[in-house]
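The residues making up each chain are set out below.
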Amino acid sequence: AVDSKQVGNIHRDYSEDRNASSEDTVYVAGNGAPYPHPYEAQRVGENGPLLLQDFHLVDLISHFDRERIPERVVHAKGGGAHGYYQTTDTLEDICMADLFQAGKKCPTSVRFSTVGGESGSHDCARDPRGFSIKFRTEEGNWDMVANNTPAFFLRDPAKFPHFIHTQKRDPQNHMTHADDSTMFWDYLSQNPESVHQVMILMGDRGIPDGWRKMHGYAGHTLKLVNKSGDWVYAQMHMKSKQGTDFITQADSANYSPDYAQKDLYNAIEKGDFPGWDVCWQTMTPKEAEELWEKQKINVFDLTHVWPHKQFPLRKVGEFFLNENVKNYFAEIEQIAFNPGHLVPGIEPSADPVLQSRLFSYPDTHRHRIGVNYQQLPVNSPRVPYKMANFQRDGQMAFFNQGSRPPYLSSISPIQFRQRSTDLDKVHSHFIAGAVAFLSEIRPEDFNAARALWDKVMDDAAKERFIENISGHMSTCRKEDIIKRQIAIFREVSGDLASRLEKATGVKGHESIADLTFNGTHNGFAKEESK
Ligand code: HEM
């Protein structure tokens, strides 16, 4: 037999790829065969037809034809960087995650994004910002797939595709809501539970000044579990060490399309590394029940937020971004975040929108980057143990586990790590109840939005808010939509509604009590309106 060492190594080292440079390289076709010049194409004579035998040309063009993978169906425009997280104040009393034990650190990657726009759209769009972090912990990857706003537009997961379609292009005129806001306001005016998030969006926080100067919020309630299986509900916040700042609607026209990308990239190149504090609000299951009974705030409803005075932030650590990516496609376009990528000690809550996201993200990754998306270098876990499982084959299976049996074998057994919690305790909140299908609009849905208007916005912010909305509504083709939206704002504040009526020249409906919403049951219709 021939000694394979004498004929050379058949195994390629992919880790060199990231540091590729042009030095000492030889131009080759995809099969590695050297080729004299990239511009060549074999033809018959000077003016003759091309030859199908020219693998180099076919390889070049057919690869080019397939360069684009589907862009993300939402959050398509984005950018990010790498860095590290460190625990400064252990959370071990309430959470057993290895990452939150004293002195723990891990490498991280972050991707920021806008939501509605396509891959080439403007960084200064009025839109929430996505804020995703991959924590490469010693117990696997934990992804926090968050936004820069604490609340969300909906609490019924089946509404998400409808809502998103109204933030995208109109099917006929192919305009976005910047030029035709009809679909945008039609959806929102039929789904009043969106009002808190709408007010954040139309206020100063709707256009943050780049990605460094904004906070991040899980929005959803998670569960933190300790070693004895005791658990608390928890909301994660990421507080920018740079503070927060915003860009006004008028000023946004003066910024370049990739402003946020440039701002982050240049800051990191200069050594000015942005950082965020990682904090948690926590709540016992009993407190959660009381919060619902007394204040009508539901921890499974992500249109609601937890009052900070009752549930103060507890800092656990901080992360910094200190390394720009070398290859945008490999390190940002191929990165795949999933709220279901969790590690022991961090669990999802019963929030129905979160539960549906646990399905949606890995499903879209399999479509967008393939069934083996977790093997791509940027997604692959960095754990101190050797990994084994029974996933095999599929497109681009680079980690196919050699000759290890592809079934649970007694001949060559693998090791299992025991679960360290009492499952009865951890899952005790899944109490049975009647099946419910769709949420109902209740008076309490307007409380947070009212506090924003009455207590948070000063006069100048209120003026900008009214201007932002009336400007945006000027392209809405149906007056009745505006009337309905003004009625929703009237439940927030009479002052807000009348100022908006003045600015738009449209008299809104008096109350939402008599309105029917296609999207949501109207609890006001049955009750006395405020
Ligand atoms: C991206 C679905 C709600 C934050 C995405 C993507 C999908 C999706 C399919 C594209 C992922 C990819 O191609 O890699 C949904 C569904 C939702 C929902 C079905 C509700 C039913 C939310 C909420 C938040 C959020 C509530 C934040 C609290 C994000 C972020 C990204 C994203 C930050 C971008 C991830 C990245 O940077 O790669 N979502 N989403 N989404 N979503 Fe959601």
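Residues numbered from 1 in each chain as written. Predicted model: local features only at pLDDT ≥ 70, side-chain atom pairs only at ≥ 80, totals over all residues.

### A closer look at the pairing of strand E3 (residues 129-137)
In step 1: With 9 of 9 residues buried, E3 lies mostly within the body of the structure.
In step 2: The side-chain alternation of E3 yields two buried faces, one formed by Arg129, Phe131, Ile133, Phe135 and Thr137 and the other by Gly130, Ser132, Lys134 and Arg136.
In step 3: Pairing of strand E2 (residues 105-114) with E3 involves 7 bridges; the strand directions are antiparallel. Paired with Ser113 across the two strands is Gly130, which belongs to E3.
In step 4: Pairing analysis gives 8 bridges linking E3 to strand E4 (residues 140-147), with the strands arranged antiparallel. (Buried ≥ 20, exposed ≤ 12 C-beta atoms within 10 Å, placed from the backbone. Helix = DSSP H or I, 4+ residues; strand = E, 2+ residues; numbered from the N terminus. Pairing = 2+ DSSP bridges.)

### Things to note about helix H7 (residues 259-269)
In step 1: Of all the positions in H7, only Ala260, Gln261, Leu264 and Ile268 are classed as buried. Taken down its axis, H7 places every buried residue within 105° of arc, on the same side. Across H7 from its buried face, at more than 90 degrees, point the exposed residues Asn266 and Glu269.
In step 2: Elements that come into contact with the buried residues of H7 comprise strand E1 (78-87), E2 and strand E9 (314-323).
In step 3: Trailing H7 by a residue or two, Gly271 shows a phi angle of about 90°, which is positive. (Arc of directions from axis to C-beta. Contact = placed C-beta atoms within 7 Å.)

### Quick notes on the site of the ligand
In step 1: Taken together, 26 residues surround the ligand, and among them Arg72, His75, Gly130, Phe160 and Gly219 come closest.
In step 2: The element contributing the most residues to the shell around the ligand is helix H10 (residues 352-368), with 8 residues.
In step 3: Taken together, the residues of the shell around the ligand sort by class into 11 nonpolar, 11 polar and 4 charged. (Near = placed C-beta within 6 Å. Nonpolar A, V, L, I, M, F, W, Y, C, P; charged D, E, K, R; others polar.)

### So, the UniProt feature "active site" (unreviewed entry) in the protein chain
In step 1: Taking the UniProt record as the reference, the feature "active site" (unreviewed entry) is found at His75 and Asn147. Spanning 73 residues, the named residues nonetheless gather at one spot, since no C-alpha pair among them exceeds 10.5 Å.
In step 2: As for its placement among the helices and strands, His75 is situated in the loop between helix H2 (55-65) and E1.
In step 3: Summarising the element assignment, Asn147 is placed in strand E4.
In step 4: The exposure class assigned to Asn147 is buried, which follows from the 23 C-beta atoms found within 10 Å. (UniProt positions renumbered as here; feature names shortened; annotations may be inferred.)

### Let's talk about the environment of Ser470
In step 1: With respect to the helices, strands and loops of the structure, Ser470 is situated in helix H13 (residues 459-473).
In step 2: Judged by C-beta crowding, with 19 C-beta atoms within 10 Å, Ser470 ranks as partly exposed.
In step 3: A sequence separation of 30 residues divides Ser470 from Leu500, and the C-alpha atoms of the two residues are 6.9 Å apart.
In step 4: With residues up to four places along the chain from it excluded, the contact list for Ser470 reads Leu500, Ala503 and Thr504.

### Focus: the UniProt feature "binding site: heme" (unreviewed entry) in the protein chain
In step 1: Following the UniProt record, one finds the feature "binding site: heme" (unreviewed entry) at Tyr361.
In step 2: Look at Tyr361 and you get partly exposed, because 17 C-beta atoms sit within 10 Å.
In step 3: Setting aside anything within four residues of it in sequence, one finds Tyr361 in contact with Phe337, Asn338, Pro339 and Gly340.

### Some words on helix H15 (residues 494-504)
In step 1: The set of residues buried in H15 consists of Leu496, Ala497, Leu500 and Thr504. Within H15, the buried residues cover an arc of 95° as seen down the axis, which keeps them to one side. Exposed and facing more than 90 degrees away from the buried side of H15 are Gly494 and Lys502.
In step 2: Residues of H15 that are buried make contact with helix H12 (447-456), H13 and helix H14 (479-492).

### A look at the nonpolar core
In step 1: Counting residues in each nonpolar core, the largest one holds 54 residues, and the members touching the most others are Cys95, Ala97, Leu224, Ala234, Met236 and Ile346.
In step 2: Of the residues forming this core, the biggest block, 6 residues, is contributed by strand E7 (residues 231-240).
In step 3: Apart from residues no more than four positions distant in its own chain, Ala234 is found in contact with Thr221, Leu222, Lys223, Leu224, Trp280, Gln281 and Thr282.
In step 4: Of all hydrophobic cores here, the second largest spans 41 residues; its members include Val198, Met202, Ala449 and Ile488. (Core = buried A, V, L, I, M, F, W, Y, C linked by C-beta atoms within 7 Å.)

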